[in-house]
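Structure at a glance
Residue-level listing of the chains:
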Amino acid sequence: MTINSLATGQVETARAPRSRGMSDLAIRNLFIIPTIAFLILFNIFPLIYSLGYSFTDFRASTNEPARFVGLQNYRDLLSDPFIWQNFTITAKYVIISVTGQVVVGFGVALLLNRPIPLKGLLTTLLLLPMMLSMAVVGLFWKLLYDPSFGIINYAFGLGNFEWLANPRMALYAIAIADIWMWAPFVMLLSLAGLSAVPKHLYEAAAIDRAGPLYTFFRITLPLVAPILMIAIIFRTMEAFKTFDIAYILASQPTTEVISIRLYKMAFQQWQTGVSSAFAYIVLIMVLAITNIYVKYLNKVKER
C-alpha cells in the first residue's frame, strides 16, 4: 500500500462523519429560521398592520375601506378626559397591586430564607396561585367576595358588605386578588436573591454586633435590590395589561382599566382605527415606564 493511498484513506475517514451528519451551522439555522419566521408572522406583522390602521378611520364591522386620517385618532384620544380617567384608574391599580406584591412576596421570602421543617413543600404550596388561570382566580375571588355566602365577610364580620359593587372598594378588591396570585412570583425571585447573599457578610455583621435593622438595610436589601427591580419591572408591565381579573370581578366606571376600555372600543364599539391608536399609546407608555425602571436598575447594579 502506497503513501498516497494511506493519505487518501485518512482524508476520506475524516470526511465521513461530516458527510453523514449536519454541520453546526445547518443545525442552528434549522432551529432559528422557523422561530424567526414564526415571530415575524404572529408578532411583528400584526404590530405593523395595526400601526397602519391607527392612522385611519376604519371599522372592522363594516365593508367600507379604511380612510387615512393621519394623527387625528391620537389627538382625539389624548384630548379625551375619559381616556385620562382610565389611565388614572390604571395607575392607581398598578401602584396598589405591584406594591402589595413586592411587600408580601419579599416578606414571605424573608420568612422562608431560614431552616424550617418542610420548607420545599411549603414553598411549592405558596406557588400554586401563580400556576392557576387568571379566569379561574377571578371566579374564585368573586365567590369569596360574595355578600351572601362569601367567606371574607364572614371571617371579618362585615355582614353583607358589597366589595365589588362598592365604587370605592372594587378596585382595591381586584388588587387584593392580583396580589394573592402574583406575590408568589416576587417571593420566588426574592428567595433566589436571598440565597445568593454571601453568608460571611452576616457573620461579619454579627461580630460587629450589628442590629437586625442595620443588617437588613445595609446588607440584605442592597444585595437583593436588583432582583426586586426585575420583579417590579415584570409585574408593572403585566399590571398595565390586566384584563381578566378586572373584567370578571367588577364592571363599573371606577374599575375600568385601560385594557377593558381598549376591549370595549375594539370589540364592542368596533372602532378599529381608534383602538389601534389607543393600543400604541399604551405601548409607548409601558415602554417609557420600563425604560425608567431599567435605568434605575443599572444604577442599583453599579452601587
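Each residue is numbered by its place in its chain's sequence as written, counting from 1. In view of the model being predicted, local features appear only for residues whose pLDDT reaches at least 70, and side-chain atom pairs are presented and counted only at 80 or more, with totals across whole chains, interfaces and linings using the full set of residues. Processing note: side-chain calculations cover all non-hydrogen atoms of the structure and skip hydrogens and water entirely.

What follows deals with the overall build of the protein chain. Helix and strand assignments follow DSSP, with helices taken as H or I runs no shorter than four residues and strands as E runs no shorter than two, numbered in order from the N terminus. In terms of regular secondary structure, the protein chain is built from 14 helices and 2 strands. Relative to its length of 303 residues, the protein chain is extended, with a C-alpha radius of gyration of 27 Å against a globular reference of 19 Å. The contact criterion used throughout is that any non-hydrogen atoms of two residues lie within 4.5 Å. Within the protein chain, residue pairs in contact and separated by at least 24 positions form 68% of the contacts whose partners lie at least 6 positions apart. Neither His nor the chain ends contribute to the count of charged residues, in which Lys and Arg are positive and Asp and Glu negative. To locate a charge, the coordinates of NZ of Lys, CZ of Arg, CG of Asp or CD of Glu are taken. Positive and negative side-chain charges in the protein chain, numbering 23 and 15 respectively, have mean positions lying 7 Å apart. All radius of gyration figures rest on C-alpha atoms, and the globule criterion is 2.2 Å times the number of residues raised to 0.38.

You will see that L118, though not glycine, has its phi angle at about 55 degrees, which is positive. Locating L118 in the fold gives a position in the loop between helix 4 (81-112) and helix 5 (119-126). The cut-offs for exposure are 20% and 50% of the maximum accessible area for each residue type, with area from a 1.4 Å probe on protein chains only; residues under the lower value are buried, those over the upper are exposed, and the others partly exposed. For L118, a relative accessible area of 63% gives the class exposed.

Only rings of Phe, Tyr and Trp enter the pairing, Trp through its six-membered ring, and a pair is recorded when the two centres are within 6.5 Å. The plane angle decides the type: under 30 degrees is stacked, over 60 is edge-to-face, the rest tilted. Enumeration over the complete set of coordinates arrives at 21 aromatic pairs. Measuring from ring centre to ring centre gives 4.7 Å for Y53 and F58, while their planes differ by 10 degrees; the resulting arrangement is stacked. Like Y53, the residue F58 is buried in the burial classification. Seen from their ring centres, W84 and F87 are 5.7 Å apart, and the 45 degrees between their planes marks the pair as tilted. Taken together, the residues span about one helical turn, with W84 and F87 both in helix 4 at a distance of 3 residues. For W84, a relative accessible area of 43% gives the class partly exposed. An aromatic cluster is defined as three or more aromatic residues linked by ring pairs; in this entry it consists of F140, W141, Y145, F161, W163 and W180.

Here the term cavity refers to a set of points on a 1 Å grid, laid over the protein atoms alone, in which a 1.4 Å probe fits but cannot get out; the term pocket refers to an open set having protein on both sides within 12 Å along at least five of seven lines, with lining residues being those that place an atom within 4 Å of a point. Grid points are joined across faces, edges and corners, and a volume is the space filled by probe spheres set on the points. Here the largest pocket defines a volume of roughly 470 Å³. Around the largest pocket, the lining is made up of 16 residues, and of these K241, L262, S275, A279 and V282 lie nearest the centre. Counting only elements with at least two residues in the lining of the largest pocket, the list comes to helix 11 (212-240), helix 13 (258-267) and helix 14 (272-302). Broken down by element, the residue count for the lining of the largest pocket peaks at 6 residues, all from helix 14.

With that settled, the discussion passes to the confidence of the model for the protein chain. Detailed reading of the predicted model is not advised wherever pLDDT is low. By definition, pLDDT measures how confident the predictor is in each residue, and it falls between 0 and 100. Looking at the protein chain as a whole, the pLDDT averages 85, with 92% of positions reaching at least 70. Predicted confidence for residues 10-19 stays below pLDDT 50, and this span has 0 contacts to residues more than four positions away or in other chains.

Here the expected length of a helix is defined as 1.5 Å per residue gap, with one fewer gap than residues. With 26 residues, helix 9 (residues 170-195) should cover 38 Å at 1.5 Å per step; its first-to-last C-alpha distance of 38 Å lies within 8% of that length. Taken as a whole, helix 9 carries its principal kink of about 40 degrees at M181; the proline P184 stands between one and four residues after it. The term bend refers to the angle at a residue between two fitted axes, each drawn through seven residues, those ending there and those starting there.

The next point concerns the environment of K299. Relative to the helices and strands, K299 resides in helix 14. Residues K299 and Y53, spaced 246 residues apart in sequence, show a C-alpha to C-alpha distance of 39 Å.

Attention now moves to the nonpolar core. What tends to happen in soluble globular proteins is that the nonpolar side chains get buried as a cluster. The criterion is simple. A nonpolar core is a set of buried Ala, Val, Leu, Ile, Met, Phe, Trp, Tyr and Cys residues joined through side-chain atoms within 4.5 Å. Among the nonpolar cores identified, the biggest contains 59 residues, and W141 and F278 are the most heavily contacted of them. Elements with a minimum of two residues in this core: helix 3 (72-78), helix 4, helix 7 (134-144), helix 9, helix 11, helix 12 (244-249), helix 13 and helix 14. Looking at which element gives the most residues to this core, the answer is helix 9, with 12 residues. If we ignore the near neighbours within four places in the chain, the residues touching W141 are I152, I176, A177, W180 and L249.

So, about the side chain of T255. Along the chain, T255 turns up in the loop between helix 12 and helix 13. Residue classification places T255 among the buried positions, given a relative accessible area of 0%. Setting aside anything within four residues of it in sequence, one finds T255 in contact with I89, A170, L171, I174, A250 and I260.

Taking 1.5 Å as the rise per residue, helix 11 with 29 residues should run 42 Å; its terminal C-alpha atoms sit only 36 Å apart, a clear shortfall. The largest bend in helix 11 amounts to roughly 50 degrees and is located at A225, with the proline P226 lying one to four residues further along.

This brings us to the packing of helix 4 against helix 13. Between helix 4 and helix 13, the shortest axis-to-axis distance is 8 Å and the interhelical angle comes to 140 degrees. When the axes of helix 4 and helix 13 are compared, the pair comes out oblique. Across the interface between the two elements, F82, I83, N86, F87 and T90 of helix 4 pack against I258, R261 and M265 of helix 13. Considered class by class, the residues forming the contact of helix 4 with helix 13 number 5 nonpolar, 2 polar and 1 charged. For every element, the axis is a line fit to its C-alpha atoms; helices are fit only across the contacting stretch, and the angle between N-to-C directions ranges from 0 to 180 degrees. Note that the term roughly parallel is reserved for angles under 35 degrees, roughly antiparallel for angles over 145, roughly perpendicular for angles of 65 to 115, and oblique for everything else. Think of it as three bins: nonpolar holds Ala, Val, Leu, Ile, Met, Phe, Trp, Tyr, Cys and Pro, charged holds Asp, Glu, Lys and Arg, and polar takes everything else, Gly as well.

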